[in-house]
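One-letter residues, chain by chain:
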Amino acid sequence: MNHIIFFASILTSTLVISGCSIKKQSSRKQIETIYKVLVVAKSAVDKNGNPCADAVGVIKIFNQQVTGKATDSISRRFSIFGEASNGAISGGFALSKQIAVKFNGQINKVGYASGTWKDMFQCNGTWTAKKVISREFRQSTKKIKT
């Protein structure tokens, strides 16, 4: 009789332990897209009479977040940040953690983007971007079943 109780308790413990497992819940594709960006000033000088600058850079769009780097024609280096969703893109260029330029625009499905920008010194202009690479990532999420 003790043997039956012993085996029954082992069987119950095994069933309880096997009920707790890690299972793959879902796998979804995520796309990282990299663009080469050209920023052109329409205004010649800013509100202080200094020349407005053009710039070139690279942006990456991943999970609707925009990040990147750019250098303007007077050698200032900017960090680019923003959001892209449903074909719209907006954000800013920062110098030493201060937003110096705000931009917005559209991204088309063929691999081009364009828009307008304005900086803190009243310079403004247009920007264009061309997709140079698009990579697919699979992200799996796991769920612990209890």
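Presented here is a report on the structure given in the accompanying data block. This is a predicted model, so every value here is computed, not measured.

This paragraph deals with the overall build of the protein. Secondary structure assignment for the protein yields one helix and eight strands. Counted from the first residue to the last, the protein has its helices and strands arranged as α-β-β-β-β-β-β-β-β. For the protein, the proportion of its 146 residues judged to be buried stands at 29%. In the protein, of all internal contacts separated by at least 6 residues, the share reaching a separation of at least 24 is 40%.

For the rest of this paragraph, the subject is empty space enclosed by the protein. For the structure shown, the criterion picks out one cavity of 30 Å³ or more. Surrounding the largest cavity, Val37, Val39, Ile59, Ile80, Ile89, Phe93, Val101, Phe103, Trp117 and Trp127 form its lining. Of all the elements in the fold, those that place two or more residues in the lining of the largest cavity are strand 1 (21–41), strand 5 (88–95) and strand 6 (98–107). Residues that form the lining of the largest cavity fall into these classes: ten nonpolar, no polar and no charged.

Two side chains with opposite charge may pair up if their charged atoms get near one another. In this structure the tally under the stated criterion is three salt bridges. Where Arg76 meets Asp72, a salt bridge forms, and the shortest distance between an N and an O atom there is 2.6 Å. A relative accessible area of 7% places Asp72 in the buried class. Connected through shared salt-bridge partners, Glu32, Lys60 and Arg135 make up one network.

On the surface, Leu38, Val40 and Val56 cluster together into a nonpolar patch covering about 230 Å² of accessible area. Mapped onto the elements of the fold, Val56 is located in strand 2 (residues 55–62).

Moving on, we come to the packing of aromatic side chains. To describe a pair of aromatic rings, one takes the distance between the centres and the angle between the planes. One pass over the full model with this rule turns up three aromatic pairs. On the numbers, 5.8 Å between centres and 80 degrees between planes, the contact of Phe93 with Phe103 is edge-to-face. Of this pair, Phe93 sits in strand 5 while Phe103 sits in strand 6, and the two are ten residues apart along the sequence. Take Phe93: its relative accessible area is 7%, and that puts it in the buried class. Among the aromatic side chains, those forming a connected cluster through ring pairs are Phe78, Phe93, Phe103 and Trp127.

All right, on to the environment of Phe78 then. Its location among the elements puts Phe78 in strand 4 (residues 77–85). Spatially, the C-alpha atoms of Phe78 and Gly57 are 8.9 Å apart, while their sequence positions differ by 21 residues. Aside from chain neighbours lying at most four places away, what touches Phe78 is Gly68, Lys69, Ala70, Asp72, Phe93, Ala94, Leu95, Ala100 and Val101.

It is worth spelling out the pairing of strand 7 (residues 112–119) at this point. Here strand 7 shows a buried face lined by Ala113, Gly115, Trp117 and Asp119 and an unburied face lined by Tyr112, Ser114, Thr116 and Lys118. With seven bridges joining them, strand 6 and strand 7 adopt antiparallel strand pairing. Along strand 7, the bridge assignment pairs Gly105 with Gly115. Following strand 6, the chain reverses through four residues before pairing antiparallel with strand 7; Gly111 in that reversal takes a positive phi of roughly 115 degrees.

Quick notes on the rules
Residues numbered from 1 in each chain as written. Predicted model: local features only at pLDDT ≥ 70, side-chain atom pairs only at ≥ 80, totals over all residues. Heavy atoms only, no water. Helix = DSSP H or I, 4+ residues; strand = E, 2+ residues; numbered from the N terminus. Buried < 20%, exposed > 50% of the residue type's maximum accessible area, 1.4 Å probe, protein only. Contact = heavy atoms within 4.5 Å. 1 Å grid on protein atoms, 1.4 Å probe; cavity = no way out; pocket = protein on both sides within 12 Å on 5 of 7 lines; lining within 4 Å. Points joined across faces, edges and corners; volume = space filled by probe spheres on them. Nonpolar A, V, L, I, M, F, W, Y, C, P; charged D, E, K, R; others polar. Salt bridge = Lys/Arg side-chain N within 4 Å of Asp/Glu carboxyl O. Patch = residues over 30% accessible without salt bridge, like charges linked within 9 Å, V, L, I, M, F, W, Y side chains within 5 Å. Areas by Shrake-Rupley, 256 points an atom, 1.4 Å probe, with all protein chains shown as cover. Phe/Tyr/Trp six-rings, centres within 6.5 Å; stacked < 30°, edge-to-face > 60°. Pairing = 2+ DSSP bridges.

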